[in-house]
Amino acid sequence: MGNSSSMLTQYDIEEVQQHCQRLFSQQEIVSLYERFCQLDRNAKGFISADEFLSVPEFAMHPLSQRLLKMVDGLNFKDFVAFLSAFSAKASVQMKIKLIFKVYDSDGNGKVSFNDILEVLRDLSGSFISDNQREQVLTQLLKEAGYSKDSYLTLDDFIKVLGSPGLKMEVEVPVD
């Protein structure tokens, strides 16, 4: 897959569609490829953390440093697969898996009290104190049947967040 949309063949498009569980149309994949090529300034075939940071919405996001760990070095197929979790067509379980990865920054398959606290710190900044964050999180975990010493797994996240009303969508511009 080269550096312009004209180099994206029908086979490539279908392969990417299959890789992302057909959550994007062929037209959306072409648009995503054009955006990918814009980000891949040196035409290396992957997007670096610095290139992702050139997107103002990404750079300003409070969780951008955590997300960078997940997206640094993605090729086009993996770029589309990553974005698939944000599709309106993605399953709740697929969205929860992405949320879990954001919290599980060390990739050990478990989320500790401190992991959640770090995300809350990233999201709330200096608006609330560390003590307030700890109190809120301790109460939230208690209400969900967990303690400060619990380690949450992906199954726990699915159990707690598995509401059919969970929304996590992004619009893919189609020219």
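Residues numbered from 1 in each chain as written. Predicted model: local features only at pLDDT ≥ 70, side-chain atom pairs only at ≥ 80, totals over all residues. Heavy atoms only, no water.

How would you sum up helix α2 (residues 26–39)? Please name residues and give values.
For α2, with 14 residues, the first-to-last C-alpha span of 20 Å sits near the 20 Å given by 1.5 Å per residue. All buried positions along α2 are accounted for by E28, I29, S31, L32, Y33, F36, C37 and L39. Buried positions along α2 lie against α1 (10–19), β1 (46–47), α3 (49–52), β2 (74–75) and α6 (76–84). (Helix = DSSP H or I, 4+ residues; strand = E, 2+ residues; numbered from the N terminus. Expected span 1.5 Å × (residues − 1). Buried < 20%, exposed > 50% of the residue type's maximum accessible area, 1.4 Å probe, protein only. Contact = heavy atoms within 4.5 Å.)

Can you lay out the environment of L152 for me, pointing to particular residues and giving the numbers?
Turning to its location among the elements, L152 is positioned in the loop between α9 (130–143) and α10 (154–161). According to the relative accessible area criterion, L152 is buried, its value standing at 8%. Taking the C-alpha atoms as reference points, L152 and G109, 43 residues apart in sequence, are found 8.5 Å from one another. The residues contacting L152, other than those within four sequence positions of it, are F100, G109, K110, V111, I116, L141, Y146 and F157.

For the side chain of S64, give the residues involved together with the corresponding values.
Tracing the chain through its elements places S64 in helix α5 (residues 64–71). Discounting chain neighbours no more than four positions away, the residues touching S64 are F58 and A59.

Tell me about unusual backbone geometry, and please be specific about residues and values.
Within the chain, Q21 stands out as a residue other than glycine whose phi angle is a positive 60°. By relative accessible area, Q21 is classed as exposed at 57%. Even without being a glycine, A43 presents a positive backbone phi close to 50°. Here A43 is to be found in the loop between α2 and β1. Judged by relative accessible area, A43 falls into the partly exposed class, the value being 43%.

If you had to explain the pattern of salt bridges to someone new, which residues and values would you point to?
For the structure shown, the criterion picks out eight salt bridges. Two residues, K148 and E134, come together in a salt bridge whose shortest N-O distance is 3.7 Å. Of the two residues, K148 sits in the loop between α9 and α10 while E134 sits in helix α9, which places them 14 residues apart along the sequence. Connected via shared salt-bridge partners are D40, K44 and E51. (Salt bridge = Lys/Arg side-chain N within 4 Å of Asp/Glu carboxyl O.)

An account of the side chain of D40 is requested, with residue identities and associated values reported.
Relative to the helices and strands, D40 resides in the loop between α2 and β1. Only 2.8 Å separates the side chain of D40 from the backbone nitrogen of G45, close enough to count as a polar contact. (Polar contact = N/O pair within 3.5 Å; in protein donor to acceptor, adjacent residues only side chain to side chain.)

Kindly report on the nonpolar core, identifying the contributing residues and their values.
By size, the foremost hydrophobic cluster in this structure holds 47 residues, and its most contacted members are F76, F79, V80, F82 and F157. Looking at this core, the elements with two or more residues in it are α1, α2, α3, α5, α6, α7 (92–103), α8 (113–124) and α9. If you tally residues by element for this core, the top one is α7, at seven residues. Other than its neighbours up to four places away in sequence, V80 contacts V16, C20, F24 and L32. (Core = buried A, V, L, I, M, F, W, Y, C linked by side-chain atoms within 4.5 Å.)

Give me the packing of aromatic side chains: which residues, what numbers.
For any pair of aromatic rings, the description consists of the separation of the ring centres together with the inter-plane angle of the planes. Counted according to the given criterion, the structure contains eight aromatic pairs. Both rings, one in F52 and one in F79, keep their centres 6.2 Å apart while their planes meet at 45°; by these two values the pair is tilted. Taken together, the residues span a long stretch of sequence, with F52 in helix α3 and F79 in helix α6 at a distance of 27 residues. Members of the aromatic cluster, joined through ring pairs, are Y33, F36, F52, F58, F76 and F79. Directly above the ring of F46 sits K44, whose terminal nitrogen or CZ lies 5.1 Å from the centroid. Here K110 stacks its cationic end above the ring of Y151, 5.1 Å away from the centre of that ring. (Phe/Tyr/Trp six-rings, centres within 6.5 Å; stacked < 30°, edge-to-face > 60°. Lys NZ or Arg CZ within 6 Å of the ring centre and 35° of its normal.)

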